[in-house]
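# Summary of the model geometry
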Amino acid sequence: MNQGLSLYDNLGGEETIRRLVEAFYPRVQREPLLGPLFPEDITPVMEKQFMFLTQFFGGPSLYSDAVGHPMMRARHLPFPVTTERAEAWLACMRAALEEIGIEEPLREFVLERLSGPAFHFVNTP
Ligand code: HEM
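Residues numbered from 1 in each chain as written. Predicted model: local features only at pLDDT ≥ 70, side-chain atom pairs only at ≥ 80, totals over all residues.

The protein carries the name Globin in an unreviewed UniProt entry, which gives Paenibacillus mellifer as its organism. Its UniProt record gives the protein a comment under Sequence similarities (unreviewed entry), which states: "Belongs to the truncated hemoglobin family. Group II subfamily." (UniProt positions renumbered as here; feature names shortened; annotations may be inferred.)

Spelled out as structure tokens, the structure:
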């Protein structure tokens, strides 16, 4: 890991974020705790996640430019996010990072950065 670079650049930029999102959502759809929350046509969600993660990892501000202020916790309020679902989401992300070949310590670093928001989005006991 190069400490002088953003997480986005450490990961390999646009191409890696695309591959990550493409590895992640099929897992989310297959995960019994998560799949039912998502629409059948997952493509628009994938596109928004691509834009969001690009920005969240320190790349260009694609999400804010296209959608506006992220307000990500608020955007999750319509969905019952439990601790178990946050854990399942992170497990899908871990598997997707493994699938696309992101090695330690970068993988753990990415998961660490995402676990804060994931548990922050919990809104249902
Ligand atoms: C904690 C467990 C999580 C659950 C159960 C969850 C579930 C969902 C659901 C159901 C949607 C809406 C899909 C639709 O448009 O119908 C969504 C959208 C989204 N989620 Fe999550 N999510 C979780 C965590 C996260 C995390 C940790 C991030 C990123 C840090 C994230 C980023 C997004 C983004 C960017 C969208 C699209 C927002 C938009 O519509 O503009 N989610 N999520």
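## Notes on the site of the ligand
The ligand sits among 22 residues. The nearest are L37, F52, A86, W89 and A118. Mapped onto the shell around the ligand, the elements with two or more residues apiece are α3 (43-56), α5 (72-76), α6 (83-99) and α7 (106-120). Residue classes in the shell around the ligand are distributed as 17 nonpolar, two polar and three charged. (Near = placed C-beta within 6 Å. Helix = DSSP H or I, 4+ residues; strand = E, 2+ residues; numbered from the N terminus. Nonpolar A, V, L, I, M, F, W, Y, C, P; charged D, E, K, R; others polar.)

## A word on unusual backbone geometry
Cis rather than trans, the peptide bond between E104 and P105 has omega equal to 5 degrees. Looking at where P105 falls in the secondary structure, it is placed in the loop between α6 and α7. Within the chain, M71 stands out as a residue other than glycine whose phi angle is a positive 40 degrees. Mapped onto the secondary structure, M71 falls in the loop between α4 (62-67) and α5.

## Structural notes on the nonpolar core
Ranked by size, the top nonpolar core spans 21 residues in total, and within it L20, V21, F24, C92, M93, A96 and L97 carry the most contacts. Breaking this core down by element, the ones donating at least two residues are α2 (14-30), α3 and α6. Per-element accounting of this core gives the leading share, six residues, to α2. Setting aside residues no more than four positions away along its own chain, M93 makes contact with F24, L111 and L114. (Core = buried A, V, L, I, M, F, W, Y, C linked by C-beta atoms within 7 Å. Buried ≥ 20, exposed ≤ 12 C-beta atoms within 10 Å, placed from the backbone. Contact = placed C-beta atoms within 7 Å.)

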